[in-house]
Amino acid sequence: MNPLLDKLQPYPFEKLKKLFAGITPDPAYRPISLGIGEPKHPTPAFIQQALTDNLSGLASYPATLGSDALRGAIADWLQKRYDIPRPDPATEILPVIGSREALFSLTQTVVDPTRPGALVMCPNPFYQIYEGSAYLAGAEPYFVNSDPARNFAPDFSQVPQDVWERVQLLFVCSPGNPTGAVLTLEDWKELFALSDRYGFVIASDECYSEIYFKQDPPLGGMQAARLLGRDYRNLVSFSSLSKRSNVPGMRSGFVAGDASILKKFLLYRTYHGAAMSPVIQAASVLAWQDETHVQDNIAKYVTKFSQVTPLLQEVMEVALPDAAFYLWAKVDKLVNISDTEFAQRLYAEYNVTVLPGSYLAREAHGVNPGAGRIRMALVAEVEECLEAAQRIVAFTKKLASQA
């Protein structure tokens, strides 16, 4: 067996299952989960119809490169969404089976494990695929802690030069999971300068880009490159329909950017067997071409967060994020309690599931930046999220009264 598999840590939800083992929640409350970041808004009817209308595609093997129609639709979307020159659909865009598998497999493409001390850098807290993909590529992860003073963006200026010299791949997540932080143009300027100096690839995970709470949508990596007068050298951006269009089960996304990297990535994927079904491709074309359902989706999240956030601010340190569908809350505003105990007791006493922040981070540089925090995924409809928030307020006030 591959010995690198032994380096993988349990997924956060496995840890949560262990934390809850043996607990029977109070049956007076129906279960509400804010634990998993899985969109719960209805899938648009036109996407469902497109799937059934294209079932004839099941009779054909899909091409790894994807159809001209899909790559063209993605190129059109990128041009309109980010106000950039239309990327070349033949060389700068590659459809993928959701951003998760693409983030993992790109690491296997980029990392050269024969170079001593290979590092893959990522934010902390982070999406666990970054870490796992690093280990299985023969590299080690290097974590850059989020900084509450920087709206939870990582502070890359604190990374030593000898570390940068070993970095082969840098993952950024903007908007961030779980913090919702969005990288600024100045952040991108710094990262591009570091990439030019040390030669590493930047993988920009942008799967939450279409859920936001400010007037202007979040800045993307390719957009930042153009605003700074650059091409896409050593930059690849990832996006997905899962959150944007409420179709996580379709597993449909894309990678775009540096054509030389995508050429090698296509070679890897051809052998890896990662080709999107023609049925999914046909529905994806229509999804990328329509913005009405996206704006309706954003409106739902704005309504939800505007009602839930003020409630929770009574009992915990939490603010409206820049983007994404998570609240990243500090739980010790009223009472001294760990994130794991908070999650465990909330589940037992009020049948609400939240994810301990420490499960989403690693101890690095003497601290676990997720400790004392919880992630709440506001993915259900407004009424259910409001009920969960009301229970959390009641639970926290009860804790404070007992302290």
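Basis of the calculations
Residues numbered from 1 in each chain as written. Predicted model: local features only at pLDDT ≥ 70, side-chain atom pairs only at ≥ 80, totals over all residues. Heavy atoms only, no water. UniProt positions renumbered as here; feature names shortened; annotations may be inferred. Domains from an automatic or database assignment. Buried area = accessible area lost by both parts, 1.4 Å probe. Salt bridge = Lys/Arg side-chain N within 4 Å of Asp/Glu carboxyl O. Polar contact = N/O pair within 3.5 Å; in protein donor to acceptor, adjacent residues only side chain to side chain. Phe/Tyr/Trp six-rings, centres within 6.5 Å; stacked < 30°, edge-to-face > 60°. Helix = DSSP H or I, 4+ residues; strand = E, 2+ residues; numbered from the N terminus. Buried < 20%, exposed > 50% of the residue type's maximum accessible area, 1.4 Å probe, protein only. Expected span 1.5 Å × (residues − 1). Contact = heavy atoms within 4.5 Å. 1 Å grid on protein atoms, 1.4 Å probe; cavity = no way out; pocket = protein on both sides within 12 Å on 5 of 7 lines; lining within 4 Å. Points joined across faces, edges and corners; volume = space filled by probe spheres on them. Nonpolar A, V, L, I, M, F, W, Y, C, P; charged D, E, K, R; others polar.

The protein chain goes by Succinyldiaminopimelate transaminase in an unreviewed UniProt entry, where it is assigned to Herbaspirillum aquaticum. Comment text from UniProt for the protein chain, heading Cofactor (unreviewed entry), reads "pyridoxal 5'-phosphate".

S.K.: What is the right way to look at the domain arrangement of the protein chain in this model?
M.R.: Interface size, as often reported, equals the accessible area lost upon joining of the parts. Each assigned domain of the protein chain is listed with its residue range as follows: domain 1 (1-40 + 291-399) and domain 2 (55-288). For domain 1 versus domain 2, the separation of C-alpha centres amounts to 25 Å. Counting the surface lost from both domain 1 and domain 2, the interface buries some 3,600 Å², and carbon and sulfur atoms represent 58% of this. It is Tyr 11, Asp 322 and Arg 362 that lose the most area in domain 1 upon contact with domain 2, and together they represent 18% of the buried surface on that side. In this assembly, domain 1 and domain 2 are joined by 4 salt bridges. With its nearest N and O atoms 3.1 Å apart, the salt bridge here joins Asp 322 to Lys 214. For the pair domain 1 and domain 2, the number of links is 21 residue pairs in polar contact (both at pLDDT 80 or more).

S.K.: Looking at this structure, how should I read the packing of aromatic side chains?
M.R.: To describe a pair of aromatic rings, one takes the distance between the centres and the angle between the planes. As enumerated under the stated definition, the model contains 21 aromatic pairs in all. Taking the centre distance of 4.4 Å and the plane angle of 15 degrees together, the rings of Tyr 130 and Phe 171 count as stacked. Taken together, the residues Tyr 130 in helix H5 (residues 128-136) and Phe 171 in strand S6 (residues 167-173) connect sequence positions 41 residues apart. The two residues Tyr 130 and Phe 171 agree in class, both being buried. An aromatic cluster is built from Tyr 29, Phe 342, Tyr 350 and Phe 395, whose rings are joined through pairwise contacts.

S.K.: Would you explain helix H12 (residues 292-313) in this entry?
M.R.: Between its first and last C-alpha atoms H12 spans 32 Å; for 22 residues at 1.5 Å apiece the expected length is 32 Å, and the two agree. Those residues of H12 that sit buried are His 293, Val 294, Asn 297, Ile 298, Tyr 301, Lys 304, Phe 305, Val 308, Thr 309 and Leu 312. Those residues of H12 that are buried lie in contact with helix H2 (45-53), helix H9 (241-245), helix H11 (278-289), strand S10 (326-330), strand S13 (373-377) and helix H14 (382-402).

S.K.: Help me out: how do you make sense of empty space enclosed by the protein in this one?
M.R.: Remark: the empty space left among the atoms is shown by a probe the size of a water molecule rolled over them. For the structure on display, the rule yields 2 cavities of 30 Å³ or more. Approximately 160 Å³ is the volume found for the largest cavity. As for the largest cavity, its lining consists of 18 residues, of which Pro 123, Phe 152, Pro 154, Cys 173 and Gly 176 are closest to the centre. Within the residue set of the lining of the largest cavity, elements represented by two or more residues are strand S5 (153-154) and S6. Among the elements that take part in the lining of the largest cavity, S6 stands out by supplying 3 residues, more than any other. In the lining of the largest cavity, the residues fall into 13 nonpolar, 5 polar and no charged. Taken as a whole, the second largest cavity holds about 30 Å³ of empty space. Forming the boundary of the second largest cavity are Trp 77, Leu 78, Tyr 82, Glu 206, Ser 237, Phe 238, Ser 239 and Phe 254. When contributions to the lining of the second largest cavity are tallied by element, the ones reaching two or more residues are helix H3 (68-82) and strand S8 (235-240). Looking at the lining of the second largest cavity residue by residue, the classes come out as 5 nonpolar, 2 polar and 1 charged.

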